[in-house]
Amino acid sequence: MNKLTVLFGTESGNAELVAEDVAAALEENGTTAEVVDMQDYPVDDLGAEDLVILVVSTYGEGDLPATAAPFREALVESKPDLSGVRFAAFGLGDSTYETYNLGVATLRSTFTALGATQIGETGYHDADSGLNPSDVAVAWVNTVLTLAAPA
Ligand SMILES: Cc1cc2nc3c(=O)[nH]c(=O)nc-3n(C[C@H](O)[C@H](O)[C@H](O)COP(=O)(O)O)c2cc1C
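Residues numbered from 1 in each chain as written. Predicted model: local features only at pLDDT ≥ 70, side-chain atom pairs only at ≥ 80, totals over all residues. Heavy atoms only, no water.

The protein has the name Flavodoxin-like domain-containing protein in an unreviewed UniProt entry, where Amycolatopsis deserti is given as its organism.

## Remarks on the overall build of the protein
Assigned secondary structure in the protein consists of four helices and six strands. Residues classed as buried in the protein amount to 46% of the 151 residues present. Taking contacts inside the protein between residues at least 6 apart in sequence as the whole, the part at least 24 apart equals 82%. In the form shown here, the protein has an accessible surface area of approximately 7200 Å², with 48% of it arising from carbon and sulfur atoms. (Helix = DSSP H or I, 4+ residues; strand = E, 2+ residues; numbered from the N terminus. Buried < 20%, exposed > 50% of the residue type's maximum accessible area, 1.4 Å probe, protein only. Contact = heavy atoms within 4.5 Å. Areas by Shrake-Rupley, 256 points an atom, 1.4 Å probe, with all protein chains shown as cover.)

## Quick word on the environment of Asp-45
Structurally, Asp-45 can be placed in the loop between β2 (32–37) and β3 (51–57). Note on Asp-45: relative accessible area 41%, which makes it partly exposed.

## Considering the side chain of Thr-67
Note that Thr-67 resides in the loop between β3 and α2 (69–78). When its relative accessible area of 9% is taken as the criterion, Thr-67 is described as buried. Apart from residues lying up to four places away in sequence, Thr-67 is in contact with Phe-8, Gly-9, Thr-10, Asp-37, Met-38 and Gln-39.

## Let's talk about the packing of α2 against helix α3 (residues 102–113)
In the contact formed by α2 and α3, the axes pass within 11 Å of each other and the chain directions differ by 25°. Here α2 is positioned roughly parallel relative to α3, judged by the angle of their axes. Here α2 and α3 pass one another in a crossing that is left-handed. Across the interface between the two elements, Phe-71, Arg-72, Leu-75 and Val-76 from α2 touch Thr-106, Leu-107, Thr-110 and Phe-111 from α3. Looking at the contact of α2 with α3 residue by residue, the classes come out as five nonpolar, two polar and one charged. (Axes fitted to C-alpha atoms, helices over the stretch in contact; angles between N-to-C directions. Parallel < 35°, antiparallel > 145°, perpendicular 65-115°, else oblique. Left-handed = near helix turned anticlockwise from the far one by under 90°. Nonpolar A, V, L, I, M, F, W, Y, C, P; charged D, E, K, R; others polar.)

## A word on the site of the ligand
The environment of the ligand is made up of 19 residues, and the closest members are Thr-10, Ser-12, Ala-15, Thr-58 and Thr-99. Between an oxygen atom of the ligand and a main-chain N or O atom of Thr-58, the distance comes to 2.7 Å. The contact in question runs from an oxygen atom of the ligand to an N or O atom on the backbone of Leu-92, over 3.3 Å. Surface burial for the ligand is 82%, taken as the share of its 650 Å² of free accessible area covered by protein chains. The set of elements that each furnish at least two residues to the shell around the ligand consists of α1 (14–28) and β4 (86–93). Of the residues assigned to the shell around the ligand, the class counts are five nonpolar, 11 polar and three charged. (Near = heavy atom within 4 Å. Polar contact = N/O pair within 3.5 Å; in protein donor to acceptor, adjacent residues only side chain to side chain.)

## Section: the packing of aromatic side chains
Across all of its chains, the model carries five aromatic pairs by this definition. Aromatic pair Tyr-41 and Phe-71: ring centres 6.4 Å apart, planes at 80°, arrangement edge-to-face. Of the two residues, Tyr-41 is situated in the loop between β2 and β3 and Phe-71 in helix α2; the sequence distance between them amounts to 30 residues. Measuring from centroid to centroid gives 5.2 Å for Phe-87 and Phe-111, while their planes differ by 55°, and the two rings are tilted. Taken together, the positions of Phe-87 in strand β4 and Phe-111 in helix α3 put the pair 24 residues apart, joining distant regions of the chain. Looking at Phe-87, the relative accessible area reads 0%, which means it is buried. (Phe/Tyr/Trp six-rings, centres within 6.5 Å; stacked < 30°, edge-to-face > 60°.)

In structure tokens, the structure reads:
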């Protein structure tokens, strides 16, 4: 895996920090990782990606955060063919909410409905755990990417 895109969706910035730390860890291992805010990413470009890493929080009552909601709406509207796209997904949430980490589940469903293939298990950060989100995400991504040999 030489190049991939890390797409983050955030409300208060945690997912952005995690995305940047994940990209930095990947770069250390020789993978070029471009970090892009979901709200700035044209969904019609997605079909040309080989592998994307989604990093997204949950807000409101199980909703997508501000920068992920328009991205998902654009996907639902323009329905790009993602059958050649592989993705890994990491969610940030807080288990004190009944709607724990529903945001990443929503986005995952949208991707698979458009034909994309998920690699590995979804990763989760629980704000109630006291763990550092980047530490959890970097450990997760290293596990997931061992599964991501080029298709
Ligand atoms: C107003 C508010 C609503 C939230 N709602 C949820 C929720 O429904 N489910 C969940 O798992 N986490 C929820 N969280 C926790 C956030 O997802 C968590 O703090 C996360 O780290 C925020 O990441 P972000 O800064 O990238 O948006 C909520 C947090 C706040 C402040």
